[in-house]
Amino acid sequence: MTFTDRTKDPRALRHWYGDIEADYVYTSGVAGERFFRELRDHGRLLGTRCGECGKRWIPPKLFCEDCFREVSEFVDLPATGRVAAACAVRVDIERNPLPQAVVWGLVRFKGFEGGLVHRLLIAPERGRAGLVVRPVLRDAASRTGAITDLEGFAP
Amino acid sequence: MTIFRRRLQETGKELSFEAARMALDQAGMEIGDINAVVHGTAPDAFDGVHMKGEYLLDGSGGARKPYMRVYTGGGTGVFSAIAGYWHVASGLADVALVVNEEKMSSCQPHPQSVFAHIWDPILDRPLKPNLVWIFAMEMNRYMTVNKIPYEDIARVAVKNKRNAAGHPCAQLADPDITLDDVMNSELMAWPVRRLDISPPSDGAAAVVLASEDIVRKRKLRDQAAWIKGVGWCIDSTMWTDRDLVFPEYVARAAKMAYRQAKIGNPRREIDFAEPYDPFDYKELHHLEGLGLAERGKAGLMTREGVTERDGDLPVCPSGGLLGVGNPIAATLGIKIGELYWQLTGQAGKRQIPNEVRTGVCQAWGDLMQYGSVVVMGT
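Being a predicted model, the structure only gives us computed values, none of them experimental.

Draft legend 1. Region of interest: the interface of chain B and chain A. On the chain A side, the residues contacting the 34 residues of chain B number 24 residues. Of the roughly 2300 Å² buried between chain B and chain A on both sides combined, carbon and sulfur atoms contribute 58%. Area buried by chain B at its contact with chain A is led by Q9(B), E14(B) and F17(B), which between them contribute 25% of it. Of the charged contacts in the structure, one is a salt bridge between R64(B) and D66(A), with a shortest N-O distance of 2.6 Å. At the junction of chain B and chain A, the tally comes to 17 residue pairs in polar contact (both at pLDDT 80 or more). Looking at the side of chain B that touches chain A, the elements that each hand over two or more residues are α1 (12-27), α2 (44-47), β4 (107-108) and α5 (112-115) of chain B. Of the residues forming the side of chain B that touches chain A, the biggest block, seven residues, is contributed by α1(B). Its residues assigned to classes, the side of chain B that touches chain A shows twelve nonpolar, eleven polar and eleven charged. As defined by bridge partners, strand β1 (residues 23-24) of chain A adjoins β4(B) across two bridges and the pair is classed as antiparallel. The residue of β4(B) that forms the bridge with D23(A) is Q108(B).

Draft legend 2. Quick peek at the sheet that holds strand β11 (residues 370-377) of chain B. Residue and element names in this part refer to chain B. Read from one edge of the open sheet, four strands run β8-β11-β10-β9, paired in mixed fashion. Looking at strand neighbours, the two that pair on one side only are β8 (226-234) and β9 (272-274), the edges of this open sheet. The average angle at which neighbouring strand axes cross in this sheet is 15°, direction not considered. The pairing of strand β10 (residues 358-365) with β11 spans eight bridges and is classified as antiparallel. From the neighbouring strand, W364 faces β11, where its bridge partner is G371. This element, helix α4 (residues 76-89), spans β8, β10 and β11 of the sheet and lies at about 60° to β11.

Draft legend 3. Representation of the packing of helix α10 (residues 248-261) of chain B against helix α12 (residues 280-289) of chain B in the model. Residue and element names in this part refer to chain B. At a minimum axis distance of 8 Å, the contact between α10 and α12 shows a crossing angle of 45°. As the angle between them shows, α10 and α12 are arranged oblique. The two elements α10 and α12 cross, and the hand of that crossing is right-handed. When α10 is examined against α12, the residues Y249, V250, A251 and A254 are found in contact with a partner set consisting of K282, H286 and G289.

Draft legend 4. Molecular detail of helix α1 (residues 29-42) of chain A. Between its first and last C-alpha, α1(A) extends 19 Å over 14 residues, near the 20 Å set by a 1.5 Å rise per residue. Taken residue by residue, α1(A) has G29(A), A31(A), G32(A), F35(A), E38(A) and L39(A) as its buried positions. Along the long axis of α1(A), the arc covered by the buried residues comes to 160°, so they all point the same way. Where α1(A) is buried, its residues meet β2 (46-49), β3 (56-58), β4 (73-76) and β9 (132-137) of chain A together with α1 of chain B. In the segment just after α1(A), G43(A) is the residue with positive phi, at about 65°.

Draft legend 5. Structural view of the nonpolar core. Residues and elements named next belong to chain B. Counting residues in hydrophobic clusters, the biggest one holds 102 residues, and the most contacted among them are Y258, L292, I336, V360, V374 and M376. Both domains that meet at this core, namely domain 1 (12-109 + 202-217) and domain 2 (112-198 + 225-377), each give it at least three residues. Setting aside anything within four residues of it in sequence, one finds L292 in contact with Y258, P266, R267, I270, A273, L287, M301, L313 and V360.

Draft legend 6. Summary view of the domain arrangement of chain B. All names here are of chain B. Domain parsing of chain B yields domain 1 (12-109 + 202-217) and domain 2 (112-198 + 225-377). With 35 residues of domain 1 in contact, the opposing surface of domain 2 contributes 33 residues. Overall, the association of domain 1 and domain 2 removes approximately 2400 Å² of surface from exposure, summing both partners, and the carbon and sulfur fraction of that is 77%. Area buried by domain 1 at its contact with domain 2 is led by V78, I82 and Y85, which between them contribute 23% of it. Viewed at the interface, domain 2 and domain 1 are joined by zero salt bridges. At the junction of domain 1 with domain 2, the criterion picks out eight residue pairs in polar contact (both at pLDDT 80 or more). Elements with a minimum of two residues in the side of domain 1 that touches domain 2: α2, α4, β3 (95-103), β4, β7 (202-210) and α9 (212-217).

Draft legend 7. Representation of the sheet that holds strand β2 (residues 67-70) of chain B in the model. Residues and elements named next belong to chain B. Reading across from one edge, β2-β1-β3-β7 is the order of the four strands in this open sheet, with mixed pairing throughout. Looking along the sheet, the strands with just one partner apiece sit at the ends: β2 and β7. The mean angle between the axes of side-by-side strands here comes to 20°, regardless of whether they run parallel or antiparallel. Along the sheet, helix α15 (residues 332-343) makes contact with β3 and β7, crossing β7 at roughly 35°.

Draft legend 8. Structural view of the environment of V356(B). Residue and element names in this part refer to chain B. Of note, V356 is situated in the loop between α15 and β10. For V356 and V156, which are 200 residues apart along the polypeptide, the C-alpha to C-alpha distance reads 21 Å. Discounting chain neighbours no more than four positions away, the residues touching V356 are D271, F272, Q342, L343, Q351 and T378.

Draft legend 9. Fine view of the pairing of strand β6 (residues 97-108) of chain A. All names here are of chain A. The pairing of strand β5 (residues 81-91) with β6 spans eight bridges and is antiparallel. Its bridge partner being in β6, C87 is matched across the sheet by W104. The hairpin turn running from β5 into β6, its antiparallel successor, is five residues long, and R95 in that turn takes a positive phi close to 70°.

Draft legend 10. Inspection of the environment of R69(B) at higher detail. Residues and elements named next belong to chain B. Within the secondary structure, R69 sits in strand β2. Classification of R69 as partly exposed rests on a relative accessible area of 24%. Residues R69 and A83, spaced 14 residues apart in sequence, show a C-alpha to C-alpha distance of 9.4 Å. Not counting chain neighbours up to four residues away, the residues in contact with R69 comprise H39, T41, A42, P43, D44, K52 and G53.

Draft legend 11. Region of the structure containing the side chain of E101(B). All names here are of chain B. Within the fold, E101 resides in strand β3. Here E101 occupies a buried position and makes no salt bridge, while the nearest side chain of opposite charge, K52, is found at 4.2 Å. At a separation of 3.4 Å, a polar atom in the side chain of E101 contacts the main-chain amide nitrogen of K103. If near-sequence neighbours (up to four positions away) are discounted, E101 is found in contact with G12, S16, H39, G40, T41, D47, K52, L56, G203, A204 and A329.

What counts and how
Residues numbered from 1 in each chain as written. Chains lettered and ligands numbered in written order. Predicted model: local features only at pLDDT ≥ 70, side-chain atom pairs only at ≥ 80, totals over all residues. Heavy atoms only, no water. Contact = heavy atoms within 4.5 Å. Buried area = accessible area lost by both parts, 1.4 Å probe. Salt bridge = Lys/Arg side-chain N within 4 Å of Asp/Glu carboxyl O. Polar contact = N/O pair within 3.5 Å; in protein donor to acceptor, adjacent residues only side chain to side chain. Helix = DSSP H or I, 4+ residues; strand = E, 2+ residues; numbered from the N terminus. Nonpolar A, V, L, I, M, F, W, Y, C, P; charged D, E, K, R; others polar. Pairing = 2+ DSSP bridges. Axes fitted to C-alpha atoms, helices over the stretch in contact; angles between N-to-C directions. Parallel < 35°, antiparallel > 145°, perpendicular 65-115°, else oblique. Left-handed = near helix turned anticlockwise from the far one by under 90°. Expected span 1.5 Å × (residues − 1). Buried < 20%, exposed > 50% of the residue type's maximum accessible area, 1.4 Å probe, protein only. Arc of directions from axis to C-beta. Core = buried A, V, L, I, M, F, W, Y, C linked by side-chain atoms within 4.5 Å. Domains from an automatic or database assignment. Lys, Arg positive; Asp, Glu negative; His and termini not counted.

Below is the structure:
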């Protein structure tokens, strides 16, 4: 038996549409709870520091991935970070051109493992690795305690 | 093993870490001593994160190590330990860490909405099947063919919920529960009543598997139990093809494990068992599949007290899923974990009074379909 025909239109066949009706509630965990509350209430970005090996992690974790010990010390991030990688998105998921390119970056912070992915609030041609950026927060009244409390990063 | 509860705050990674750290501490090991990590967790759709194995790996200690996630539905509770065993028995790893996690509370309003999609999308789905009524039919078939009274099935729930009273992680322990309580509980889908079922839960469990060499070198012999045999088997895709009276998939998996463990007469050579008991009738079903009861006679054994903790063949001395809880893959802690604690005399209030040297545990997964069996001994 070899299937050689290409069929693209299910309407020619008996067919059924379906949905998986699943809804979720996601929580950010013990470490994430503190991270998002600080962001919302005080506009601060916190990481964690491992008491065993001294490594600092952003986003914060309850455990050190390397020495696999529980971590409880929270530390402030530096005021600025550096773009490690960037891209400029020109089309949407259906290939429609975007009126304005959306620039995304991975921002790393000196002395910290990991980093934060967010929008770079700059013209696409400026989105390059090495750019020094600072977090841009929404005003305190509109913050909800979510990653979107950050507008993004800007020079 | 973590406490089994609805745990909305902790992430699956944090639950995994808690269990993995406990296992390492008990073995006197650090993550650097671990050569490979196996993670066991049931459908991605519970946590609502696709590629859940990759998502959970840092909490399981798997980062930058040979790591794999295994998933055989509810069978994962024992199967992940089989996969961990391969790593060590093959000589590829001296020490493997097995971590199982399940966080079912993320799924709203109830994980049943996800379970509804394990069926054939064309033949079954339009009928909106539900696990409870599918298993109610299996229970009905088992009772009808073997002429088993409902009381004998309900006795399993009573025994296990009472046994769980000594378990520090238990969610559903009740030392005072009576047969009437179970038999008069809410009828969900005849013949299944509410207390015949273990509800969803959240939790994690972990186990360290080491080679004989490592156990000797680190002087761990006093606190070690040995894996003597492993087996697994899956039955055909369509549940309607199956017998429903006798779990062939368990029998074949058990035969494989017994052959390796050199067990010729399981009823005589096995001292206690931890069969999978998300429903009370499944304990009976599985005891028969494991060759520990004659076909259709597991209910009678239960009525006669043979399967009580102080009986001739203690069954689910942990309290099982009915008593401790049912965070699917994390039941590793009730099955493999209980064998370990009983065989090394560390089960505390749950310790079987008679000496135990050989135990068998089994998990059941997919749609009345998957059997995973491990025999352990001193």
